[in-house]
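In case you want the letters, here they are:
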Amino acid sequence: MRISDLIPDAGPLQAEIELVPQVERVALALQLIRDIDDPACALSLMRLSRLAEDQHLAIRREQFVRDHELRRVQG
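Residues numbered from 1 in each chain as written. Predicted model: local features only at pLDDT ≥ 70, side-chain atom pairs only at ≥ 80, totals over all residues. Heavy atoms only, no water.

## Quick notes on the overall build of the protein chain
- Counting its secondary structure elements, the protein chain contains four helices and zero strands.
- Ordered by position from the N terminus, the helices and strands of the protein chain form the series α-α-α-α.
- Surface exposure of the protein chain reaches about 6,600 Å², of which carbon and sulfur atoms provide 61%. (Helix = DSSP H or I, 4+ residues; strand = E, 2+ residues; numbered from the N terminus. Areas by Shrake-Rupley, 256 points an atom, 1.4 Å probe, with all protein chains shown as cover.)

In structure tokens form, the structure reads like this:
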């Protein structure tokens, strides 16, 4: 799964991640899996989840405003 599958307009972040060698990405993923039950990690994941949700909602709002403006101009 790619970050851009979860967060629209995440292309630059995905490109940056792809520059990291696969071995390092796998090591980071394994570290995350190992630490996921740690309360400190859980808190970080909750914050990341909220940030991703806020980002997604902001993008959806921007798209709604663009679509609304386009309809207003065309109509």
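Okay, back to it.
## Concerning the confidence of the model for the protein chain
- Of all residues in the protein chain, 87% attain a pLDDT of 70 or more, and the chain-wide mean is 77.
- Taken element by element, the protein chain is modelled with least confidence in helix 1 (residues 3–6), mean pLDDT 68, and with most confidence in helix 3 (residues 22–35), mean pLDDT 80. (pLDDT = per-residue confidence, 0-100.)

## A closer look at a nonpolar patch on the surface
- Residues Val26, Leu30 and Ile33 make up a contiguous nonpolar surface patch of about 290 Å² in total accessible area.
- Its location among the elements puts valine 26 in helix 3. (Patch = residues over 30% accessible without salt bridge, like charges linked within 9 Å, V, L, I, M, F, W, Y side chains within 5 Å. Salt bridge = Lys/Arg side-chain N within 4 Å of Asp/Glu carboxyl O.)

## Details of the pattern of salt bridges
- Scanning the model with the defined rule gives one salt bridge in all.
- Measuring nitrogen to oxygen at the nearest pair gives 2.9 Å for the salt bridge that ties arginine 72 to glutamate 69. Within this pair, arginine 72 and its partner glutamate 69 are both found in helix 4 (residues 39–74), separated by three residues, close to a single helical turn.
- On the basis of relative accessible area, arginine 72 is assigned to the exposed category, the value being 56%. (Buried < 20%, exposed > 50% of the residue type's maximum accessible area, 1.4 Å probe, protein only.)

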